[in-house]
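Structure assessment
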2 protein chains.
Amino acid sequence: MSHKLLTFFKTHVMARRLCNAVQRNCLTKNVTTSSCRKVKEEVSKLLALKAQLVTEDAGPQKFTLKTPKGTRDYNPQQMTIRNNVLDKIITVFRRHGAECIDTPVFELKDVLTGKYGEDSKLIYDLKDQGGEILSLRYDLTVPLARYLAMNKITTLKRYHIAKVYRRDNPAMTRGRYREFYQCDFDIAGIYDPMVPDAECLKVVTEILEALDIGQYILKVNHRRLLDGMFEACGVPADKFRTTCSTVDKLDKSPWEEVRTEMINEKGVSPDAADRIGEYVRLNGSTELVEKLLKDEKLSKVKAALEGVEAIKTLLQYCELFGIKDKILFDLSLARGLDYYTGVIYEAVLTQPIKIGNEEQTVGSIAGGGRYDNLVGMFDSKNKQVPCVGVSIGVERIFSVLEAKLAAGDITVRTSDIDVYVASAQKNFLEERMKICAELWDAGIKTEQSYKKNPKMLNQLQHCEENKIPLAVVLGDSELKRGVVKIRNITTREEDEVPRNDLVQEIKKRIDNLNLNQLNGAT
Amino acid sequence: MSHKLLTFFKTHVMARRLCNAVQRNCLTKNVTTSSCRKVKEEVSKLLALKAQLVTEDAGPQKFTLKTPKGTRDYNPQQMTIRNNVLDKIITVFRRHGAECIDTPVFELKDVLTGKYGEDSKLIYDLKDQGGEILSLRYDLTVPLARYLAMNKITTLKRYHIAKVYRRDNPAMTRGRYREFYQCDFDIAGIYDPMVPDAECLKVVTEILEALDIGQYILKVNHRRLLDGMFEACGVPADKFRTTCSTVDKLDKSPWEEVRTEMINEKGVSPDAADRIGEYVRLNGSTELVEKLLKDEKLSKVKAALEGVEAIKTLLQYCELFGIKDKILFDLSLARGLDYYTGVIYEAVLTQPIKIGNEEQTVGSIAGGGRYDNLVGMFDSKNKQVPCVGVSIGVERIFSVLEAKLAAGDITVRTSDIDVYVASAQKNFLEERMKICAELWDAGIKTEQSYKKNPKMLNQLQHCEENKIPLAVVLGDSELKRGVVKIRNITTREEDEVPRNDLVQEIKKRIDNLNLNQLNGAT
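Residues numbered from 1 in each chain as written. Chains lettered and ligands numbered in written order. Predicted model: local features only at pLDDT ≥ 70, side-chain atom pairs only at ≥ 80, totals over all residues. Heavy atoms only, no water.

Another point: the packing of helix α3 (residues 76–95) of chain B against helix α13 (residues 394–406) of chain B. The relative placement of two packed helices is expressed as an angle between their axes plus a distance between the axes. Residue and element names in this part refer to chain B. Axis separation between α3 and α13 bottoms out at 10 Å; the angle between their running directions is 135 degrees. In terms of their interaxial angle, α3 and α13 are classed as oblique. Crossing angle aside, the handedness with which α3 passes α13 is right-handed. Seen from α3, the contacting residues are Q77, Q78, I81, R82, V85, L86 and I89; seen from α13, they are V394, I397, F398, L401, E402 and L405. Considering only residue class, the contact of α3 with α13 consists of nine nonpolar, two polar and two charged. (Axes fitted to C-alpha atoms, helices over the stretch in contact; angles between N-to-C directions. Helix = DSSP H or I, 4+ residues; strand = E, 2+ residues; numbered from the N terminus. Parallel < 35°, antiparallel > 145°, perpendicular 65-115°, else oblique. Left-handed = near helix turned anticlockwise from the far one by under 90°. Contact = heavy atoms within 4.5 Å. Nonpolar A, V, L, I, M, F, W, Y, C, P; charged D, E, K, R; others polar.)

What follows is the structure, encoded as structure tokens:
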């Protein structure tokens, strides 16, 4: 409102000045009076517009009613989907002994500075209102590192599920937003090589199995191997990180484009690029490990050998965990973030997901890796706490399930009410209230109409629409006989139970319904 | 860092200029060389300081490691307390059929403008980085109203649990922060008077019973009665809202102070203030309703009578819900927010809470009321959606429980691991991994050391510290005989089970432990 008015006033003031100037000119330079009149007319129009604006402003507010760009509300159906997904993920995290932490939604800007490279421009800053300079968190990894360093914690297995903020221009149709959930599992501490790293992969498989969203593979690679490979191919050490960022684009672009970028933008020699091209097309499992250990060029580079040996150990542990068939050792996997120092992961759905009559390719659904130097960046003595972790791409999962809901492939119940207390005739509000209170006090999920005399049809419709399984139906004749009717909404069967036994009877029936559902579901 | 350096450079540049100026003066105006030398010395000092700064900056970052003012991290113990409290609250909300929604953490600034009166200055604004002007949400009520208006929703029973932001200077020791949780239950829709309003009170009692944090009363009053009372006492209509804000201070200040503020700051006449003083000391139940209905002054004022009649209905419904003994009709209850239009509530703990050897007064622990005009502020046709709701003061509850934890009055388990897989000798990592995978795949919460050869003592200590009830202990001799040991950590009893029956045996024991715990707890 104030902005709209301000714009108007500026325009108005300019028009007035213009008019005055024109009038002065009229007097001094013999300009036609018609042009003067025209300006006056324009000013009158603007004044009328102003009057209209002021009138409008007296009523309710007039700005566009929307959520900020790149954000959205979650309605009850979306929240149900979201909570179901998160519950399954949390169950897996806790099965592995992870503890839960939370951090503030904003951090001192200095905490985030210098952690995200080019992407730092996407950070949301808060206005300086006097006091500290703050920014909204960009991910949950940097806040974890700050938390560990600040509290001098050297071992932690934690999960953190919270919203993060990026001023991107995301494709919201594909489930990408400026405000979105991250869902992270990380293990901090000095341990034996690849033991926690392998558990992260096990956690991802358990989650993807629990969510049951289709076949997947877990790509793995190692930053030491990538560095060693660049060295072996003749890339200068100061270009390892930028070359790595370019390799990261291989999941979206063909090799030819990536090669061109390496040569033209990153200054890698064509020969080196071609050598890299030979390696990044390799993927496999133990046999690839053995091949690389014997590779003429790589076997001469310490970093490369260390990386391959680490992958060898990882594959061995994955075999013990029974997940080796899901793992693909892939030399083209690079991951965007600078801070990884060891193993890197990415889970990818290998089949498009069927939504209605269409198929949607989802691609990457989890990612992570080892970052041994991030905590040290916050410690005054540069003391390191090695970490490894994985982030589940829950927004993509929500997006797929919401599309399935929209296509009618799945249904959700947004409330879990078991009993609706209805009245067949007028003037039963008081009796309904008493029964509701009895049921609530017995822990039974119960609802009634907030109207004094609701129509029977509307009450039953509410039950059907909301899939409420049972209704208690109150009627004059029954209450006089000291009974109430219980109606099964699905079968539409009704029978009478003594008013005094109502709570016990309802409990029995809910147990039976749950049991039937359980048997039906397995 | 950059800020620190910048400050230095500015000082440095100024000193250089000063020095040059002084030198020029030395040459031209015959100033003593000693003052020249002094300036040079100062510059040298500054340069040394700069060198030091640059050296420091090459290492890890040097800013103070903290969370922003008024915010905090939640560690695993605090999160466990928090999640336990929220789970109990959500159980009650869902028992009443409430659905869950969520909204973005920030809103267009215009959405929040003009909703919070004086407190608007406490809103956190985001920096204008090109694009929309945004602010962090201040509560969950205005976002709900925006959500209802934007989506043209006319009926909804929803809960919303999320963090809100206020640039206050809170007493953090008393559980007040700049970032804090709100936990709201609201019913929107056109219904019969006081039916949803009474259910909100029922919800609050169920929550306070479930949390079991001491005796409480639910104060109720009505904005129409307050307005009618002000009218009857001779307050001009345009001073109702500000007088109401002053009455709201009665829970913290004595009547004399409130009276003085009314007269000196709000321009209420001393006579009118004294008449208000007579009313606001009244509280009670049905008998007070009857007394007020016959009150000479109030009974002549339509608004007052409407308010009292509404309270009469509310008390009647509370009786049907079995909670009337918890309700106190209190004419001094006013509530701060402008947007209430009908019933207002406040739940207050009536006893101090014992924490260690000390007692802490908690006071208000929930509040709310009816706001029938807020949604209309967002609708272009001013279409109203009447709402009533209540907000649970979870931060105060967290604060009490955290203090109890610190005092050793309660303990919490931050992970729910049931089984620890330990090795009694070296070289059992592979076998441990296989067993862990079996247990995880059977859904059993399992953990092991991430070290290849952990010490037996450390492993058992970990179990005791984390209250893990069972350990599987691997040893050479047992494995050769095809058995493994299961150790009960509490009793320290160990017995052997066949390796192949391990999963079944563990499941059986966990069920027994849970059963025992359940029986012990009731």
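With the rule as written, the count across this model stands at 24 aromatic pairs over all chains. Seen from their ring centres, F106 of chain A and Y165 of chain B are 5.7 Å apart, and the 55 degrees between their planes marks the pair as tilted. One end of the pair, F106 of chain A, is in strand β2 (residues 106–108); the other, Y165 of chain B, is in strand β4 (residues 156–165), on a second chain. Counting every residue linked through ring pairs, the aromatic cluster contains Y74, Y181 and F398 of chain A. Its guanidinium or amino end placed over the ring of Y216 of chain A, K326 of chain A lies 5.0 Å from that ring's centre, counting from NZ or CZ. The lysine or arginine in question, R166 of chain B, covers the ring of Y138 of chain B, its NZ or CZ lying 4.0 Å from the ring centre. (Phe/Tyr/Trp six-rings, centres within 6.5 Å; stacked < 30°, edge-to-face > 60°. Lys NZ or Arg CZ within 6 Å of the ring centre and 35° of its normal.)

Quick look at the relation of the copies chain A and chain B now. For these two chains of identical sequence, chain A goes onto chain B by a turn of 180 degrees and a shift of 0.0 Å along the axis, with RMSD 0.0 Å. Taken together, these values place the two copies in the relation of a two-fold axis. Here 100% of the contact residues of chain A are again contact residues in chain B; the copies associate through an equivalent surface. (Least-squares fit on C-alpha atoms with pLDDT ≥ 70 in both.)

Turning our attention to the pairing of strand β9 (residues 343–349) of chain B. Residues and elements named next belong to chain B. In terms of burial, β9 is a largely internal element, seven of the seven residues being buried. Of the two faces of β9, the one carrying V343, Y345, A347 and L349 and the one carrying I344, E346 and V348 are both buried. In this structure, strand β6 (residues 216–222) lies alongside β9, joined through seven bridges in antiparallel fashion. Its bridge partner being in β9, Y216 is matched across the sheet by L349. (Buried < 20%, exposed > 50% of the residue type's maximum accessible area, 1.4 Å probe, protein only. Pairing = 2+ DSSP bridges.)

Residue and element names in this part refer to chain B. When you line up the elements, E395 lands in helix α13. Judged by relative accessible area, which is 6%, E395 ranks as buried. In terms of polar contacts, E395 uses its side chain to reach the backbone amide nitrogen of Y181, at 2.6 Å. (Polar contact = N/O pair within 3.5 Å; in protein donor to acceptor, adjacent residues only side chain to side chain.)

This part covers the sheet that holds strand β18 (residues 494–498) of chain B. Residue and element names in this part refer to chain B. Spatially, β15-β14-β16-β17-β18 is the arrangement adopted by the five strands of the open sheet, whose pairing is mixed. At either margin of the open sheet sits one strand with a lone partner, and together these are β15 (446–448) and β18. Averaged over all adjacent pairs, the angle separating strand axes in this sheet is 30 degrees, with direction ignored.

Now for the pattern of salt bridges. All told, the structure shown has 82 salt bridges over all chains when counted by the stated rule. Between D186 of chain A and R158 of chain A there is a salt bridge, with its nearest N and O atoms 2.8 Å apart. Placement of D186 of chain A in strand β5 (residues 179–188) and of R158 of chain A in strand β4 (residues 156–165) is noted, with a sequence separation of 28 residues between them. Using a relative accessible area of 4% as the deciding quantity, one classes D186 of chain A as buried. The residue K109 of chain B makes a salt bridge to D125 of chain B at a minimum N-O spacing of 3.0 Å. Here K109 of chain B is found in helix α4 (residues 109–112), whereas its partner D125 of chain B is found in the loop between α4 and β3 (134–136), with 16 residues between them in sequence. (Salt bridge = Lys/Arg side-chain N within 4 Å of Asp/Glu carboxyl O.)

On to the interface of chain A and chain B, then. Interfaces are often sized by the amount of accessible area the parts lose when they come together. Tallying the contact residues gives 99 residues for chain A and 100 residues for chain B. Between chain A and chain B the total buried area reaches about 8800 Å² when both faces are included, carbon and sulfur atoms providing 58% of it. Looking only at chain A, the three residues that lose the most surface to chain B are L65, W440 and Y450 of chain A, adding up to 10% of its buried area. Counting across the interface, chain A meets chain B through 14 salt bridges. Ionic pairing is found between E447 of chain B and K157 of chain A, a salt bridge with its closest N-O pair at 3.1 Å. At the junction of chain A with chain B, the criterion picks out 46 residue pairs in polar contact (both at pLDDT 80 or more). Tallying contributions element by element places helix α14 (residues 429–441) of chain A first for the side of chain A that touches chain B, with seven residues. Here the side of chain A that touches chain B is built from residues that sort into 43 nonpolar, 23 polar and 33 charged. (Buried area = accessible area lost by both parts, 1.4 Å probe.)

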